[in-house]
Amino acid sequence: MTERAYHSIDTGNAHPIKVQPYRVPPQTKTAIEREIQDMLQMGVIRPSGSAWASPVVLVPKPDGEIRFCMDYCKLNAVTHPDNYPMPCTDELLEKLGQAQFISTLDLTKGYCQVPLDESAKERSAFITHVGLYEFNVLPFGLRNVSATFQRLVDGLLAGLGEYAVAYLDNVAIFSDSWAEHLEHLQKVFERIREAGLTVKAKKCQIGLNRVTYLGHQVGQGTINPLQAKVDAIQKWPVPKSKKQVQSFLGLAGYFRRFVSQYSQIAAPLTDLTKKKQPNAVRWTEACQKAFNQLKATLMSDPVLRAPDFDKPFLVTTDVSEHGVRAVLMQEGSDQEFHPVVFLNKKLKLSERESNWSVSEKECYAIVYALEKLHSYVWGRHFHLQTDHAALRWLHTATGNNKNLIRWSLALQDFDFDIQHISGASNNVVDALSRESFPESTG
């Protein structure tokens, strides 16, 4: 029988934190009461006498339903980090790359599948207008969830390392023959069933020659980075105005220190931005050659680098009226930051969304970026840069703005600090955000 993993909350010598419940409209009190009764019946929670108490936040879903969330920001602030080691991703990819048949399974983070130890139950307590309750199983929003899941999957696959590996909630099974693969799948599924875990079928890849895993296409002797990492550059449209040329050069120029003879290569484009030149550019063969050469440089070494999961990542985001853009970067051995992934998304706002404040749009850019970069940044501390200073309080968002509260709670699963960067210094994503080109999902 596979041993179950328990989630602990180590707060050291911190005094219990008790936050008063947030005020809620009378019509939502019924929803709270109904949710509590459902969770009590399922054994997810129990009545509590804890000295700890975190508030409840009700977040509207797109379908009109209410999502019942805990605001664990203050608890997380005094929770000590769990430094359980993460696997070496290079080793995982090398194992998968040589396989002929591969399957990947998504454990969907299985929150309600992981029990809390007794001290963690006390600290998970939440307060409502109908009393104090605590969780028996892992709720959303607690710190160190990634370490718990790595510990869980390591125990789940103990002894199966010759054909099964996992990085957090991403399990991969690899084999040299179809008959072996069926046998290996059966053993892994037996372990999952014994542990009382489930997988999300629509996110699984079963019995394929090549699969997408940790930002790479792997299988049958090859390991290739995803093309989507550079779609934002590859699909960059030919500039038609001086401003669009300046925008492209702003991005390319940010990485000019990695490009030999950058000034000579970019000269035909730089000439288009001179004051005497008209706003509508005259695009020549020399311009196209320079444009293609700079794009190719941005999409390859020494500019673009493969991720090193043993080093911290830097995520930079920005938003404009045209779209949301982000770049995942990492410091190289040359002490310079290199791009790992370029992301872009057209901002197609509904009539309601078009009235979003600047803070809401900037926060949406962060949520979009971290969702797309989940396989890179979830489970590790990273830095997030934004040129909108108001978002520095994102981790402690309160008040009546439902969008900001909902997104703040969604981001509780990630371990990052927010760094303000001036717009003038944010050239790399600022250039991306001011162009309009086909969407790339990263």
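Residues numbered from 1 in each chain as written. Predicted model: local features only at pLDDT ≥ 70, side-chain atom pairs only at ≥ 80, totals over all residues. Heavy atoms only, no water.

## Here's the deal with the sheet that holds strand S9 (residues 205-208)
Next up, step 1: Strand order across the open sheet formed by 4 strands is S7-S8-S4-S9, with antiparallel pairing between neighbours. If you trace the sheet from one side to the other, it starts and ends with strand S7 (164-167) and S9, each paired once. Here the average twist between neighbouring strands, direction ignored, is 15 degrees.
Next up, step 2: Direction of pairing for strand S4 (residues 101-106) relative to S9: antiparallel, over a ladder of 2 bridges. Each residue of the ladder has a partner; that of Thr 104, found in S9, is Gln 205. (Pairing = 2+ DSSP bridges. Helix = DSSP H or I, 4+ residues; strand = E, 2+ residues; numbered from the N terminus. Axes fitted to C-alpha atoms, helices over the stretch in contact; angles between N-to-C directions.)

## Side note on helix H9 (residues 262-272)
Next up, step 1: When H9 is considered as a whole, its buried residues turn out to be Tyr 262, Ile 265, Ala 266, Leu 269 and Leu 272. Buried residues of H9, viewed axially, fall in a sector of 85 degrees; they line one side. (Buried < 20%, exposed > 50% of the residue type's maximum accessible area, 1.4 Å probe, protein only. Arc of directions from axis to C-beta.)

## Some details on the environment of Ala 99
Next up, step 1: By the element assignment, Ala 99 lies in the loop between helix H3 (89-97) and S4.
Next up, step 2: A relative accessible area of 2% places Ala 99 in the buried class.
Next up, step 3: Along the primary structure Ala 99 and Ile 173 are separated by 74 residues, whereas in three dimensions their C-alpha atoms are 9.4 Å apart.
Next up, step 4: In contact with Ala 99, not counting residues within four places along its chain, are Phe 174, Ser 175, Asp 176, Asn 209, Gly 219, Gln 220 and Gly 221. (Contact = heavy atoms within 4.5 Å.)

## Concerning the confidence of the model for the protein
Next up, step 1: Mean pLDDT over the protein stands at 81; residues scoring 70 or higher make up 83%.
Next up, step 2: Low pLDDT, under 50, characterises residues 433-442; the predicted model gives this stretch 43 contacts beyond four residues in sequence or across chains. (pLDDT = per-residue confidence, 0-100.)

## Remarks on the environment of Gly 332
Next up, step 1: Tracing the backbone shows Gly 332 in the loop between strand S14 (323-331) and strand S15 (337-346).
Next up, step 2: With relative accessibility at 13%, the residue Gly 332 sits in the buried group.
Next up, step 3: Between the C-alpha atoms of Gly 332 and Pro 307, which are 25 residues apart in sequence, the distance is 9.9 Å.
Next up, step 4: When near neighbours in sequence (up to four residues on either side) are disregarded, Gly 332 contacts Lys 311 and His 338.

## Side note on the packing of aromatic side chains
Aromatic ring pairs are reported here in terms of the distance separating the ring centres and the angle at which the planes meet.
Next up, step 1: Throughout the structure, instances matching the rule amount to 8 aromatic pairs.
Next up, step 2: Relative to Phe 248, the ring of Trp 236 lies with its centre 5.4 Å away and its plane at 70 degrees, an arrangement referred to as edge-to-face. Residue Trp 236 is found in the loop between helix H7 (231-234) and helix H8 (242-254), and its partner Phe 248 is found in helix H8; the two are separated by 12 residues along the sequence.
Next up, step 3: The class for Trp 236 is buried, based on a relative accessible area of 3%. (Phe/Tyr/Trp six-rings, centres within 6.5 Å; stacked < 30°, edge-to-face > 60°.)

## Points about the layout of surface pockets
Next up, step 1: The volume enclosed by the second largest pocket comes to roughly 620 Å³.
Next up, step 2: Taken together, 26 residues form the lining of the second largest pocket, with Arg 143, Asn 144, His 381, Phe 414 and Asp 415 sitting closest to its centre.
Next up, step 3: Of all the secondary structure elements, the ones that give two or more residues to the lining of the second largest pocket are helix H2 (73-77), helix H5 (145-156) and strand S17 (415-420). (1 Å grid on protein atoms, 1.4 Å probe; cavity = no way out; pocket = protein on both sides within 12 Å on 5 of 7 lines; lining within 4 Å. Points joined across faces, edges and corners; volume = space filled by probe spheres on them.)

## Here's the deal with helix H10 (residues 285-298)
Next up, step 1: Its 14 residues give H10 an end-to-end C-alpha distance of 20 Å, which sits within 8% of 20 Å, the value for a rise of 1.5 Å per residue.
Next up, step 2: What H10 keeps buried is the set Cys 287, Ala 290, Phe 291, Leu 294, Lys 295, Thr 297 and Leu 298. The arc enclosing the buried residues of H10, seen along the axis, measures out at 160 degrees, which places them on a common side. Opposite the buried face of H10, by more than 90 degrees, sit the exposed residues Glu 285 and Lys 289.
Next up, step 3: Looking at the packing, one finds that the buried side of H10 touches H7, H8, H9 and S15. (Expected span 1.5 Å × (residues − 1).)

## Concerning the pairing of strand S11 (residues 216-219)
Next up, step 1: Looking at chain direction, strand S10 (residues 211-213) and S11 are connected through 3 bridges and run antiparallel. Looking at S11, one finds that Thr 212 is bridged to Gln 217.
Next up, step 2: The turn linking S10 back onto S11 is made up of 2 residues, and Leu 214 within it adopts a positive phi angle of 50 degrees.

## Re a negative patch on the surface
Next up, step 1: A cluster of like negative charges, contributed by Asp 90, Glu 91, Glu 94 and Asp 310, occupies part of the molecular surface.
Next up, step 2: Along the polypeptide, Glu 94 turns up in helix H3. (Patch = residues over 30% accessible without salt bridge, like charges linked within 9 Å, V, L, I, M, F, W, Y side chains within 5 Å. Areas by Shrake-Rupley, 256 points an atom, 1.4 Å probe, with all protein chains shown as cover. Salt bridge = Lys/Arg side-chain N within 4 Å of Asp/Glu carboxyl O. Lys, Arg positive; Asp, Glu negative; His and termini not counted. Charge placed at Lys NZ, Arg CZ, Asp CG, Glu CD.)

## What to know about unusual backbone geometry
Next up, step 1: In this structure, Asn 144 takes a positive phi of about 75 degrees despite not being glycine.
Next up, step 2: Topologically, Asn 144 is positioned in the loop between strand S6 (131-135) and H5.
Next up, step 3: Even without a glycine there, the phi angle at Leu 168 is positive, about 55 degrees.
Next up, step 4: Among the secondary structure elements, Leu 168 is positioned in the loop between S7 and strand S8 (170-175).
Next up, step 5: Judged by its relative accessible area of 2%, Leu 168 is buried.

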